[in-house]
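Secondary and tertiary structure notes
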Amino acid sequence: MINYTERIALLIEDFVRRSPSLSFINPAEILVFGRFGRADRGGAFATCHCLTLPTSEPGYFFWRDRATGELTRQSEWFVTKSPTVRVGRTRIKYLISFVLPRFCNQSLAHSRMKADRYPNAPPWVGKLDTIVHELYHIDPGQAGLRRLKCANGSDSERSHVPHFYEDVARLVNAYLNSGPDPALIGFLEYDFDALADRFGGIVATTFTNFPSYPQRYMERLPLPASDPLVRIERIKQANQPELYTERDLHVRHFTVASARRLTRKRQRRAA
Ligand SMILES: [Zn+2]
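In this report, the structure presented in the accompanying data block is examined.

Calculation rules
Residues numbered from 1 in each chain as written. Predicted model: local features only at pLDDT ≥ 70, side-chain atom pairs only at ≥ 80, totals over all residues. Heavy atoms only, no water. Phe/Tyr/Trp six-rings, centres within 6.5 Å; stacked < 30°, edge-to-face > 60°. Helix = DSSP H or I, 4+ residues; strand = E, 2+ residues; numbered from the N terminus. Buried < 20%, exposed > 50% of the residue type's maximum accessible area, 1.4 Å probe, protein only. Lys NZ or Arg CZ within 6 Å of the ring centre and 35° of its normal. Contact = heavy atoms within 4.5 Å. Pairing = 2+ DSSP bridges. Axes fitted to C-alpha atoms, helices over the stretch in contact; angles between N-to-C directions. Lys, Arg positive; Asp, Glu negative; His and termini not counted. Salt bridge = Lys/Arg side-chain N within 4 Å of Asp/Glu carboxyl O. Expected span 1.5 Å × (residues − 1).

**What about the packing of aromatic side chains?**
When we look at a pair of aromatic rings, we describe it by the centre distance and by the angle of the planes. With the rule as written, the count across this model stands at 13 aromatic pairs. Geometrically, the ring pair formed by Tyr-4 and Phe-103 is edge-to-face, given 6.1 Å between the ring centres and 75° between the ring planes. One end of the pair, Tyr-4, is in helix α1 (residues 4-17); the other, Phe-103, is in the loop between β9 (94-101) and α2 (112-117), and 99 residues separate them in sequence. Look at Tyr-4 and you get buried, because its relative accessible area is 0%. A centroid spacing of 6.3 Å and a plane angle of 65° characterise the contact between Tyr-60 and Phe-62, whose relative ring orientation is edge-to-face. You can call Tyr-60 partly exposed: its relative accessible area is 26%. Of the aromatic side chains, those joined through ring pairs into one cluster are Tyr-4, Phe-98, Phe-103 and Phe-187. Across from the ring centre of Trp-63, 4.3 Å away, lies the NZ or CZ of Arg-73, which sits over that ring.

**Some words on the environment of Phe-61**
Inspection of the secondary structure assignment puts Phe-61 in the loop between β3 (46-50) and β4 (62-64). What makes Phe-61 partly exposed here is its relative accessible area of 43%. In this view, Phe-61 contacts Arg-73, Gln-74, Ser-75, Phe-78 and Met-218; residues no more than four positions away in its chain are not counted.

**A short note on the environment of Arg-247**
Along the polypeptide, Arg-247 turns up in the loop between β13 (243-244) and β14 (249-254). The class for Arg-247 is exposed, based on a relative accessible area of 66%. Sequence spacing of Arg-247 and Pro-222 is 25 residues, and the spatial spacing of their C-alpha atoms is 32 Å.

**Observations regarding the sheet that holds β14**
The 4 strands are arranged β1-β10-β14-β15 in an open sheet whose pairing can be described as mixed. Of all the strands in the sheet, the pair left with one neighbour each is β1 (2-3) and β15 (259-261). Summarising the sheet, β1 and strand β10 (residues 202-207) pair through 2 bridges and their orientation is parallel. Residue Ile-2 lies in a different strand from β10, and its bridge partner there is Ile-202. Along the sheet, helix α6 (residues 192-199) makes contact with β1, β10 and β14, crossing β10 at roughly 105°.

**Remarks on the side chain of Glu-134**
Among the structural elements, Glu-134 can be located in helix α3 (residues 125-136). Of the side chains bearing the opposite charge, Lys-114 lies closest to the buried Glu-134, which forms no salt bridge; the N-O distance is 8.2 Å. Once residues within four sequence positions are removed from consideration, Glu-134 is found in contact with Ala-46, Thr-47, Cys-48 and Ile-96.

**Section: α1**
Between its first and last C-alpha, α1 extends 20 Å over 14 residues, near the 20 Å set by a 1.5 Å rise per residue. All of the buried residues along α1 are Tyr-4, Thr-5, Ile-8, Leu-11, Ile-12, Asp-14, Phe-15 and Val-16.

**A word on helix α4 (residues 162-177)**
Over its 16 residues, α4 extends 23 Å from the first C-alpha to the last, a length consistent with the 22 Å expected when each residue adds 1.5 Å. Within α4 the residues assigned to the buried category are Phe-164, Asp-167, Val-168, Ala-169, Leu-171, Val-172 and Tyr-175. Lining the buried residues of α4 we find α1, α2, α3 and α5 (182-185). Phi turns positive, to about 70°, at Gly-179, one or two residues after α4.

Structure, rendered in structure tokens:
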């Protein structure tokens, strides 16, 4: 079987090596994993998840009486934190998830705007564009996700200003012109069914709490209420680990309709 997320990770490594403007990225600090999403439904193809955002300031939710404006209830105090993800001795700074099988069936033909940025390119370049799009969200200052400038030089509220897409297309075209090894990018030429036929199946790295994965969570703080008479609502405790390691990674077999954990025997065959 083909390990799809491993193939993407190897491609990312090569892409970064051949792209001087992305030299601030350390591919060892990126973990690529799979999420399930049917190809016949709409939705995201991939997402860049940042693990380097600092813990938030302490805060709480509150409710007011509509008529009097008086504070009626408040939640417990909490901070919002990013979990830590470590693989061996490396602390992971970014996760990039790919939605399978949906991502595998992406094609330039499905998006006019994308196709316009890649005239005469084969349809699978749409997938390379998505991979690089997610990489391009990594902030050069490693301070989270890339902040984008508007045409007037101010910070944009949106993370996708028009030149974001153009920058990505420029990087993709430069990479393709640099003569990358077909053994590294060839897997993108096939859609999900063709790839599964060719390799006898598609597996991907996932987290053991699949379909969940490391996400920001709230941690309760033992601070008194801002008004001693107000009712306190408990906040929902996070039901996910604060620390994920390589022991929290599993390989799953993805089909058009499901993602099942591999048994040891099948895992050996997929290696
Ligand atoms: Zn984006």
